[in-house]
Amino acid sequence: MLTVIWGALAARRAQALAVLLLAVLASAAAAAAPSYVAAAGQALASYELSKASPNELRVRLADSVEFPGMPGDPTRTLFAGKVKRLAPAGFDVVLGAQSGGVAAGRAGTVTSNLTFRAGVCERVAVAGACPRATSRGQLPEVMVSTHTAARLGVVVGDQFTFAAVPVRVAGVYRPLDVTDPFWLGQEYIRPPAAGSAITSTAGSAEDAIFTAEAAPLVDEQVLVYRSTADLYVTEKLLDSRSVQELRAAVTLVERDGNREGFGAGTTLPSLLDRVTAQRGQLADGVTLGAGLLVLLCWLVLFVAVSSAADQRRPEQGLLLLRGVQRRRLWALAIGEHAVPALVAIPLGCLGGLAAATLLAAHTLPAHADVTLDASVVGFAAIGAAGALAAVLLAQARMLSAPVVDLLRRVPARVRGWRATIGDVVAVSIAAAAVVQLRSGGSPSGLALVAPVAGALAAAVLLARVAMITGAAVGAALLARGRTAAGLALVQVARQPRFRPLIALLTVVVAMLAFTVATSEVASAAYSDRATVEVGAPRVVEVDATSRSHLLTAVRAADPEGRFAMAAVVTGSAFAAGTPLLAVDSDRLATVAAPHPSYGASLADIAQKIHPAAPGEPVHLRGRLLTVVISADFDAEVFGGNRVRLAVTVSSANGTRVVAARDDIEPGRKDYVLQVPECAQECRLVKVEIVAPVVSRQLEVHFEELRTGDDDGGRETVVLTGAQFADLKRWRLSSPDDDTFLTATSGKDAALVIEVMENRRATPAGVSVVDAPFPLPAYLTRSTGTPLGGAHPYDGVDGTPTTAVVGGVADRLPRLGGSGLVVDLEYADRLAVASQNGNEEVWLAPGAPADVLDRLRTQGLVVKSDRTITHVRQAFDRQAPALALRFNVFAALAGVLIGAAGLIAMAAAEQRNRVAMLVALRRQGLPPRAVRGGYGWPVAVAAVSGALVTLVIWLLTRSGQRVFSDGRSPVPLPEWPDVGRLLLFTVPTVTLFALTAVVLGRTVAASIRRRSGR
């Protein structure tokens, strides 16, 4: 039998080679998937590590016992020995020790940490030298940052004291890369305070002071230190060990560390969770593309081998007539095709690795190694085994057919249940996959390949319809004398092997269109989400001393309002309450990025949230604030219940409540308050009478407000009695039934607060009416509050308040589908407390290159800088985007496989077709009638491919994962860009059409040679 099998391979070398090539393609497609997933997993891990917070990269162990003396290298201590036993293999361990205290130099003092940290000298640029170990009697050496040195007024060689311990400055350092996880974010290199002088060097005066080996002290008890150890996870560790193993190792370290009293703590598991989720999504997404490629290879094999087998039907029939047993024919078929399938496994592994390497080099955001492992070999074997199964399935009909049918030139049509069983199976699998996909949740199982299964089922059904339609139309055309077209259609309709070819080409066209459509929708969704989530082309998060400082600084950096806008964002879409965006509304339409999903123009939003102010602010300038008050109450009845005056002022340093020096007493009196923040300028927010218990009616008249200096000079009257008496300037801060606001006129004009007898939980006060109250806001429709309604929210200071809905939008910049936007200046005027939320500067595309320097010059500290482009690129580095690139590659490769299937089928049936057409040509068949046939499957595939694409898009688009976190503030586009879709599908159909034309001309040329006509 082996000799017979070898002879069959030698006799049918072309078919054996075709089977080998297609089996290699199937095996390579199956092998490329795990190879690419592994490489992309490395890239994803690198990306997650690059954007992880410092606490997500390490496990911190800290000794619970404090030891006396200078902090030094704990390598030879008992703590280091325990850490060595606890640290899992592969983690980078950085030992350290630190002591807190106050450093004092000739120019000033600073609160900082005296720290030993292994490896610090390799990560800094030093003027002078790194500290060295010293002996008893010598001053311990330290290394200070440039900012600390400036604050203390020291240079290399100078001395200062740390917690009363004299130390010598061996060097002044500057960190080389403050983003290095070694610095643990801001633990060692502290950010400068807002409003302080800004330099180009990162850090502040509170930066860590580094020392070397522990130096003996005269009095070891002066300092105490605590040893620490940071266990860092590395990219190599994430690649070499599974996430489950790492999570178990971290859990073990935390458990054993806590038992040792080291207080182990980390958020590393959250990083591992993200890496796990991303890798899982990548593997699930790649399944679609790999499944498509493997399925197409199997279909092509089925089409090619079934076509070749049909040509050998008479040969098989004669063998059976001569007594050859069918089992021997089966053995021959299995042996003949098992050899190419086995050879395809190692070749497929190599081809899959090459394809994955090429794809990884052009699609992954970071370098990743593509390696050969057991999973690659296993998947390659599955691809080759499937190819062998497809070959045997293609021959099963011939090997089991009666001898009479085998001797027929045209195979008999399959009838009954055998004719439809394949269709039923394909439709059943597709229906189950689509139902599972649309049931919600993360796609798994059959749902991962629902588009491929749906395309195959629809293609099989449409191919059956095309065959029936082709037979009917061909007969009608022949009856009308349309010989060329009619004969071509009849020939196709009478050959069962054309049906799987039509299904194959339909699947190729449909899956290419579907994959490109999904990619286009994802690309648009990435841009939409980035635009809405960022809010402006560029957003810089800053630290300001107050909201007023933020507004003033941004307006000073951009006086004309052309490119910069101040904003404050509080809350998030996942937090309780309504997220708030407060903006400098005059600049909103100029700076923010518009988007059609808002459902409202930015200009309309800005106009609605910033009506004319009902009054002017009350500005104060002076360190002392004097309020003239006439109070009327019975002091004896009040007894020990105090009545006090409190004033809330807002300055560039924040909002503060200031109490008067003296309690309020009956009669007229001046009450003085110290307000040093108003030396430059501040704003009066409100005036309050603080009386926790009002034993009897209390009446307070505000008659005058003055500002002045500490020495009592340069007093300025800010508010007269008449101005106080203007009730339009004031509103009750907390309206209730126990407090009344009135005014007197004439020469005794004053503002009067009457408090009835009660036990008050809140002060009775009046606020300056310098902003609309409640604030007008633009609200998202999802909150359900109608236009003109009142909506509760937490203000920019975190105080619960209410806004009146002046407009409703579908979505808002930065907030997405839930939140409200108000004017920042008005919101700040109504605020009674200090900071709450993130302070940001939104920048338009036309912002100058030195805009960050301009902001720093105004005292703002730049914390982060992101753009719509960068956020958009970040989505491209996540698992769904990488999977989509693989799927597009697979779909494009499928186009070549489809063309190969068309060529293979034509080559297999060319001899019989040429013989038949030569006979018809000699009987007078026109020359143009011998070129038809191959164009019909292509035309049907083009039309049916469009229909199948539409069907599977409607059925499966809602289940496709586009974002790794599964959410977006903007709905995904319903339909892709048709132009981009045609850019891929039209060349595909053109390639198939050109292939059909070439094949038709090849047949015509063979007929001319043989017929001589």
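Residues numbered from 1 in each chain as written. Predicted model: local features only at pLDDT ≥ 70, side-chain atom pairs only at ≥ 80, totals over all residues. Heavy atoms only, no water.

Caption draft 1: A look at the overall build of the protein chain. Helix and strand content of the protein chain: 26 helices and 33 strands. Looking at the 1013 residues of the protein chain, the share that counts as buried comes to 52%. Within the protein chain, contacts between residues at least 6 apart in sequence are counted, and of these 80% link residues at least 24 apart. Surface exposure of the protein chain reaches about 43400 Å², of which carbon and sulfur atoms provide 57%. (Helix = DSSP H or I, 4+ residues; strand = E, 2+ residues; numbered from the N terminus. Buried < 20%, exposed > 50% of the residue type's maximum accessible area, 1.4 Å probe, protein only. Contact = heavy atoms within 4.5 Å. Areas by Shrake-Rupley, 256 points an atom, 1.4 Å probe, with all protein chains shown as cover.)

Caption draft 2: A look at the sheet that holds strand 33 (residues 861–867). The nine strands lie next to each other as 29-30-28-31-13-12-32-11-33, forming an open sheet whose pairing is mixed. Only two strands of the sheet have a single neighbouring strand rather than two, namely strand 29 (790–794) and strand 33. The average angle at which neighbouring strand axes cross in this sheet is 35 degrees, direction not considered. Of the pairings in the sheet, the one linking strand 12 (residues 564–570) to strand 13 (residues 580–583) comprises four bridges and is antiparallel in character. What sits directly across from Thr-570, in strand 13, is Leu-580. Across the sheet, helix 18 (residues 602–609) lies against strand 13, strand 28 (775–780), strand 30 (800–809) and strand 31 (820–823), angled at about 145 degrees from strand 28, the strand it touches most. (Pairing = 2+ DSSP bridges. Axes fitted to C-alpha atoms, helices over the stretch in contact; angles between N-to-C directions.)

Caption draft 3: Focus on the packing of helix 13 (residues 450–479) against helix 25 (residues 935–956). Packing of helix 13 against helix 25 leaves a shortest axis separation of 9 Å and a crossing angle of 140 degrees. With respect to helix 25, the axis of helix 13 lies oblique. Judged by the sense of rotation from one axis to the other, the crossing of helix 13 with helix 25 is right-handed. Where helix 13 approaches helix 25, its residues Ala-450, Pro-451, Gly-454, Ala-455, Ala-458, Ala-459, Leu-462, Ala-466 and Gly-470 are matched on the opposing element by Trp-936, Val-940, Ser-944, Val-948, Ile-952 and Thr-956. (Parallel < 35°, antiparallel > 145°, perpendicular 65-115°, else oblique. Left-handed = near helix turned anticlockwise from the far one by under 90°.)

Caption draft 4: The pattern of salt bridges, seen in detail. The full count for this structure, using the stated rule, is 47 salt bridges. Salt-bridge contacts for Arg-60 lead to Glu-187; the nearest nitrogen and oxygen are separated by 3.1 Å. Of the two residues, Arg-60 sits in strand 1 (residues 58–62) while Glu-187 sits in the loop between strand 8 (165–175) and strand 9 (209–211), which places them 127 residues apart along the sequence. Exposure remark for Arg-60: the relative accessible area of 14% places this residue in the buried category. The closest approach of N and O atoms between Asp-558 and Arg-587, which form a salt bridge, is 3.3 Å. On the criterion of sequence distance, the pair formed by Asp-558 in the loop between helix 16 (547–557) and strand 12 and Arg-587 in the loop between strand 13 and helix 17 (588–591) is long-range, its members being 29 residues apart. Accessibility classification places Asp-558 together with Arg-587 in one group, the buried group. Overlapping salt bridges, with partners in common, bring together Arg-555, Asp-558, Asp-584, Arg-587, Glu-825 and Arg-829 in one network. (Salt bridge = Lys/Arg side-chain N within 4 Å of Asp/Glu carboxyl O.)

Caption draft 5: Geometry of the packing of helix 15 (residues 498–534) against helix 23 (residues 868–876). The N-to-C vectors of helix 15 and helix 23 enclose an angle of 135 degrees; their axes lie 9 Å apart at closest approach. The orientation of helix 15 with respect to helix 23, classified from their angle, is oblique. Considering only the axes of helix 15 and helix 23, their crossing is right-handed. Between helix 15 and helix 23, the contacting residues are Ser-523, Tyr-526, Ser-527, Arg-529, Ala-530, Thr-531, Glu-533 and Val-534 on the first element and Ile-868, Val-871, Arg-872, Phe-875 and Asp-876 on the second. Across the contact of helix 15 with helix 23, the residue classes tally to six nonpolar, three polar and four charged. (Nonpolar A, V, L, I, M, F, W, Y, C, P; charged D, E, K, R; others polar.)

Caption draft 6: Spatial organisation of unusual backbone geometry. With omega at -5 degrees, the peptide bond leading from Phe-773 into Pro-774 counts as cis. Within the secondary structure layout, Pro-774 lies in the loop between strand 27 (764–768) and strand 28. Despite not being glycine, Ala-163 has its phi angle at roughly 50 degrees, a positive value. With respect to the helices and strands, the residue Ala-163 is situated in the loop between strand 7 (159–162) and strand 8. The partly exposed category is assigned to Ala-163, whose relative accessible area is 25%.

Caption draft 7: Representation of the state of the cysteines within the structure. Scanning all chains against the criterion turns up two disulfides. Between the sulfur atoms of Cys-678 and its disulfide partner Cys-682 the distance amounts to 1.8 Å. A torsion of 90 degrees about the S-S bond marks the disulfide between Cys-678 and Cys-682 as right-handed. With respect to class, Cys-678 is no different from Cys-682; both count as buried. (Disulfide = S-S within 2.5 Å.)

Caption draft 8: Structural detail: the environment of Val-657. Among the secondary structure elements, Val-657 is positioned in strand 17 (residues 654–659). A residue is classified by how much of its surface remains accessible, and Val-657, at 48% relative accessible area, is partly exposed. Each C-alpha atom, one on Val-657 and one on Ala-833, is 8.4 Å from the other, the two residues being 176 residues apart in sequence. With residues near it in sequence (within four places) discarded, Val-657 still touches Ala-646, Val-647 and Thr-648.

Caption draft 9: Geometry of the environment of Leu-705. With respect to the helices and strands, the residue Leu-705 is situated in strand 21 (residues 698–708). Among the residues examined, Leu-705 registers a relative accessible area of 0% and is labelled buried. It is 4.6 Å that separates the C-alpha atoms of Leu-705 and Val-627, two residues lying 78 residues apart in sequence.

Caption draft 10: Region of the structure containing the packing of aromatic side chains. Overall, the coordinates contain 14 aromatic pairs when judged by the stated rule. Measuring from centroid to centroid gives 5.4 Å for Tyr-173 and Phe-210, while their planes differ by 65 degrees, and the two rings are edge-to-face. Residue Tyr-173 is located in strand 8, and its partner Phe-210 is located in strand 9; the two are separated by 37 residues in the primary sequence. When its relative accessible area of 1% is taken as the criterion, Tyr-173 is described as buried. Of the residues examined, Phe-210 reaches a relative accessible area of 0% and is grouped as buried. Judged by centre distance (6.2 Å) and plane angle (40 degrees), the rings of Tyr-188 and Phe-210 are tilted. Here Tyr-188, found in the loop between strand 8 and strand 9, pairs with Phe-210, found in strand 9; they are 22 residues apart in sequence, far enough to count as distant. Every member of this aromatic cluster is reached through a ring pair, and the members are Tyr-173, Phe-182, Trp-183, Tyr-188 and Phe-210. One cation-aromatic arrangement involves Arg-117 over Phe-182; the distance from NZ or CZ to the ring centre is 4.6 Å. (Phe/Tyr/Trp six-rings, centres within 6.5 Å; stacked < 30°, edge-to-face > 60°. Lys NZ or Arg CZ within 6 Å of the ring centre and 35° of its normal.)

Caption draft 11: Inspection of the side chain of Ser-227 at higher detail. Counting through the fold element by element, Ser-227 comes out in strand 10 (residues 224–232). What Ser-227 contacts, discounting residues up to four positions off in sequence, is Leu-61, Ala-62, Asp-63, Pro-74, Phe-79, Gly-96 and Ala-97.

Caption draft 12: Spotlight on helix 6 (residues 243–259). Here helix 6 is 17 residues long and its end C-alpha atoms lie 24 Å apart, about the 24 Å a rise of 1.5 Å per residue gives. Residues Val-243, Leu-246, Ala-249, Val-250, Val-253, Asp-256 and Gly-257 constitute the buried set of helix 6. Seen from one end, helix 6 has its buried residues packed into an arc of 165 degrees, which puts them on one side. Along helix 6, exposed side chains directed more than 90 degrees from the buried face belong to Gln-244 and Arg-259. Where helix 6 terminates, the next one or two residues include Gly-261, which has phi positive at roughly 80 degrees. (Expected span 1.5 Å × (residues − 1). Arc of directions from axis to C-beta.)

Caption draft 13: Here's a closer look at the side chain of His-549. Secondary-structure assignment places His-549 in helix 16. A distance of 3.0 Å separates a polar atom in the side chain of His-549 from a polar atom in the side chain of Thr-545. (Polar contact = N/O pair within 3.5 Å; in protein donor to acceptor, adjacent residues only side chain to side chain.)

Caption draft 14: Broad picture of the pairing of strand 28. Most of strand 28 is tucked away: six of the six residues are buried. Burial of strand 28 is two-sided: the residues Leu-775, Ala-777 and Leu-779 facing one way and the residues Pro-776, Tyr-778 and Thr-780 facing the other way are all buried. Pairing geometry for strand 28 and strand 31, over two bridges, is antiparallel. When the sheet's bridge partners are listed, Leu-779 is paired in strand 31 with Leu-820.

Caption draft 15: Spatial organisation of a nonpolar patch on the surface. Residues Val-343, Leu-347 and Leu-350 make up a contiguous nonpolar surface patch of roughly 260 Å² in combined accessible area. Along the chain, the position of Leu-350 falls in helix 9 (residues 326–363). We classify Leu-350 as exposed; its relative accessible area is 55%. (Patch = residues over 30% accessible without salt bridge, like charges linked within 9 Å, V, L, I, M, F, W, Y side chains within 5 Å.)

Caption draft 16: Examining the nonpolar core more closely. Ranked by size, the top nonpolar core spans 62 residues in total, and within it Leu-501, Met-511, Tyr-934 and Phe-992 carry the most contacts. The element contributing the most residues to this core is helix 15, with 17 residues. With 41 residues, the next largest nonpolar core counts Ala-45, Ala-87, Ile-189 and Val-253 among its residues. (Core = buried A, V, L, I, M, F, W, Y, C linked by side-chain atoms within 4.5 Å.)

Caption draft 17: Representation of the environment of Ala-939 in the model. Mapped onto the elements of the fold, Ala-939 is located in helix 25. Between the alpha carbons of Ala-939 and Leu-505 there is a distance of 9.8 Å; along the sequence they are 434 residues apart.

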